[in-house]
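Structural description and commentary
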Amino acid sequence: MSDTPSKRLFIKTYGCQMNVYDSERMKDVLRPLGYGPTDRAHEADLVILNTCHIREKATEKVYSELGKIKTMKEQSGGRMTIAVAGCVAQAEGEEIMRRQPAVDLVLGPQAYHKLPEMVARASRAVGDRLETDFDTLEKFDALPKARQADGPTAFLSVQEGCDKFCTFCVVPYTRGAELSRPVDDLVVEARSLIAQGVREITLLGQNVNAYHGAAPKMEGGDEWSLARLVRHLSKIGGLDRIRFITSHPRDMDEDLILAHGDTPALMPFFHLPVQSGSNAILKAMNRGHTREDYFEIMREMRGQRPDIALASDFIVGFPGESDKDFEDTMELVDTVKYAVAYSFKYSQRPGTPAADMFGQVDEAVKHERLLRLQDLLKDQQTAFNLDCIGRTIPVLVSGTGKRDGQLHGRSPYLQSVHFNGPTELMNQIVDVEISAATMSSLTGEMVRVREAMA
Ligand code: SAH
Ligand code: SF4
Ligand code: F3S
């Protein structure tokens, strides 16, 4: 491995945490070739846009960014190589190079291990400039086993792809079929992160609770569930916090709910997207569950951890969504009471069944519904945060705040927390008594430093 980077790499990441993880892995695979990170695109030798295709806006952003990078490439005298990775690369393939000829390479999410070879080919201007085959396992097998950690928290992809085919969604087409990584590999990767000081790991998957990884050498059967994996990782010394995102209501199992009650390292935060509160719309979305199923899961979760922070995703204006359907969504939100949620206007995606459905909803109606839903969600988020005032909460310190002497970290509920303290507290878990709260963060005073478990 070369110690002093001789070439500069700039990666811009769009979309979900899976892409954040993949960007880290691309850095890992390019490091031995002498690529070191830069945050200034114009001085980079290699620029990678790791893209997202989920909504039309996300895709359009990529093309406008490529326009800017093209100018930088011209100014670099042709030194710069431009690669487009991620879900737009997978979905649009060669079309990207047609729309923006300055692009040198296009590679889908399953091809990152081939990056060094592709970059070499591009510099010699020979061979294929497109890699969009699906072979998820080959990618994970071929990526370097060691990870470079950056701070006390890290993502770990345990599962990739999706077989659910919700009628609005591009993910099954961009990420391929659902696949779980073997338990042994995950344990090796987790240990490598922990050895570098990582104290919190977030397990990632498009349907992370569908995890069913091969565990031939492990006790307890040939295939492990997510709950089993979480329990196993929680026994590794030094790992204080475990999280997982994102789950699907259809894959919920009893053991994962119980784990929230009996595994202290498993943080009290549960993100379960519901998309809509109307059974008719859930059916048209092909979600495979009802609002009643959803209520039941959330009720059981709260039974295990009454303080748990519940989170969700919503789509408003799905084709055929009536006023009554939307009111059902508002009522569901009112009943569940969320700590945080993400909400979007339905966006027609080429090639997905919902794009051609009757009853596409007017943009103005979508807009008005989104505002109403977001008002309610903001009120709930603020209420959840205000409720923390007066409590003493463990915070994993991961950075400095905007003001002098201020530190920043996350609560078990994933809230952003600010307090004053010395920088020696970085990477520590500190008890903070919360004195003020807004919709987006908490502020407090440090009470003590914790030695062990959060
Ligand atoms: N696998 C996760 C989420 C994947 S995408 C799940 O099953 O919930 C993240 C979020 O983007 C989705 O939860 C959904 O709310 C939103 N989304 C997906 N496709 C969309 C579309 N066509 N228009 C608007 N929002 C969309
Ligand atoms: Fe998309 Fe549905 Fe799969 Fe989530 S479960 S990634 S929303 S198809
Ligand atoms: Fe976007 Fe692909 Fe993630 S479409 S949300 S980057 S899986």
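In this convention, every chain numbers its residues from 1, walking through the sequence in written order. Lettering of chains starts at A and numbering of ligands starts at 1, both following the order in which they are written. Two thresholds apply to this predicted model, a pLDDT of at least 70 for residue-level local features and 80 or more for giving and counting side-chain atom pairs, whereas whole-chain, interface and lining totals are computed over all residues. Derived side-chain values reflect all non-hydrogen atoms in the structure, with water molecules and hydrogen atoms excluded from consideration.

1. Structural notes on the overall build of the chain
The condition that has to hold: Each helix is a run of DSSP H or I of at least 4 residues and each strand a run of E of at least 2, with the numbering of both proceeding from the N terminus. In this treatment the radius of gyration is a C-alpha quantity, and the globule benchmark scales as 2.2 Å times the residue count to the 0.38 power. Type-normalised accessible area, obtained with a 1.4 Å probe on protein chains alone, sets the label of each residue: buried when under 20%, exposed when over 50%, and partly exposed for intermediate values. Every residue pair with non-hydrogen atoms within 4.5 Å of one another is taken to be in contact. What sets the accessible areas is the Shrake-Rupley method with a 1.4 Å probe; for residues, cover comes only from the shown protein chains. Positive charges are assigned to Lys and Arg, negative charges to Asp and Glu, while His and the chain termini are left out of the count. To locate a charge, take atom NZ for lysine, CZ for arginine, CG for aspartate or CD for glutamate.
A tally of regular secondary structure across the chain gives 14 helices and 21 strands. Scaling as 2.2 N^0.38, a compact globule of 454 residues should have a C-alpha radius of gyration of about 22 Å, and the chain matches this with 23 Å. Counting all 454 residues of the chain, 55% fall into the buried class. Nonlocal contacts in the chain, meaning residues at least 24 apart in sequence, comprise 71% of its contacts between residues at least 6 apart. Working note: accessible area of the chain is about 19400 Å², and carbon and sulfur atoms make up 51% of it. In the chain, which carries 55 positive and 65 negative side-chain charges, the distance between the mean positions of the two groups comes to 4 Å.

2. Focus on the site of ligand 2
Filter applied, for reference: Throughout, the term near means that a residue has one or more heavy atoms lying within 4 Å of the molecule or strand in question. Amino acids outside the nonpolar list (Ala, Val, Leu, Ile, Met, Phe, Trp, Tyr, Cys, Pro) and the charged list (Asp, Glu, Lys, Arg) are all regarded as polar, and Gly is one of them.
In the region of ligand 2, the neighbouring residues are C162, K164, F165, C166, F168, C169, V171, P172, N207, H248 and R287. Looking at the shell around ligand 2 residue by residue, the classes come out as 7 nonpolar, 2 polar and 2 charged.

3. Re the packing of aromatic side chains
Just so we agree on the cut-off: Classification of ring pairs rests on two measures: the distance between centres of Phe, Tyr or Trp rings, Trp counted by its six-membered ring, which must be within 6.5 Å, and the angle between planes, read as stacked under 30 degrees, edge-to-face over 60 and tilted in between.
A complete count under the given rule lists 6 aromatic pairs for this structure. The interplanar angle of 85° and the centroid separation of 5.6 Å between the aromatic rings of F314 and Y338 together place this pair among those described as edge-to-face. Remark: Y338 occurs in the loop between α13 (323-336) and β16 (340-345) and F314 occurs in strand β15 (residues 309-316); sequence separation between them is 24 residues. Classification of F314 by relative accessible area gives buried; the value is 0%. Overall, the relative accessible area of 2% leaves Y338 in the buried class. Each ring, one from F318 and one from Y346, has its centre 5.5 Å from the other, and the planes form 70°; the classification is edge-to-face. Taken together, the residues F318 in the loop between β15 and α13 and Y346 in the loop between β16 and α14 (363-386) connect sequence positions 28 residues apart. Overall, the relative accessible area of 0% leaves F318 in the buried class. Overall, the relative accessible area of 4% leaves Y346 in the buried class. Site record: aromatic cluster; members linked through ring pairs are F168, F318 and Y346.

4. Regarding the pattern of salt bridges
Inclusion rule: We count a salt bridge whenever a side-chain nitrogen from Lys or Arg sits within 4 Å of a carboxyl oxygen from Asp or Glu.
Taken as a whole and judged by the stated rule, the model has 33 salt bridges. A salt bridge links R231 to D255, with the shortest nitrogen-to-oxygen separation between them at 2.8 Å. Note that R231 is positioned in helix α9 (residues 226-233) and D255 in helix α10 (residues 254-262), a separation of 24 residues in sequence. The exposure class assigned to R231 is partly exposed, which follows from its relative accessible area of 21%.

5. Brief notes about the sheet that holds strand β19 (residues 416-420)
Condition: Pairing between strands requires that DSSP locate at least two bridges from one strand to the other. For helices, the axis comes from a line fit to the C-alpha atoms of the stretch in contact; other axes are also lines fit to C-alpha atoms, and the angle between any two N-to-C directions lies between 0 and 180 degrees.
Strand order in the closed barrel made by the 5 strands is β17-β18-β19-β21-β20, with mixed pairing throughout. Across the sheet, the mean angle separating the axes of adjacent strands is 55° when strand polarity is ignored. Bridging between strand β18 (residues 406-410) and β19 involves 5 bridges; their strand directions are antiparallel. Across the sheet, the residue bridging to R410 is S416, located in β19.

6. Remarks on the domain arrangement of the chain
Using the following cut-off: Domain boundaries shown here were taken from an automatic or database domain assignment.
The domain boundaries assigned to the chain delineate domain 1 (7-136), domain 2 (138-386) and domain 3 (392-449). Relative placement of domain 1 and domain 3: their C-alpha centres are 36 Å apart.

7. Brief notes about the packing of helix α8 (residues 183-195) against α9
Any two packed helices are characterised by how steeply their axes cross, that is the angle between the axes, and by the distance between the axes. Put simply, the test is: Two helices that cross are described as forming a left-handed crossing if the nearer one is turned anticlockwise from the farther one by less than a right angle, and a right-handed crossing if clockwise.
For the pair α8 and α9, the least separation of the axes is 11 Å and the interaxial angle reads 35°. When the axes of α8 and α9 are compared, the crossing they make is right-handed. From α8, V183, L186, V187 and A190 reach across to α9, where they touch L229, H232 and L233. Across the contact of α8 with α9, the residue classes tally to 6 nonpolar, 1 polar and no charged.

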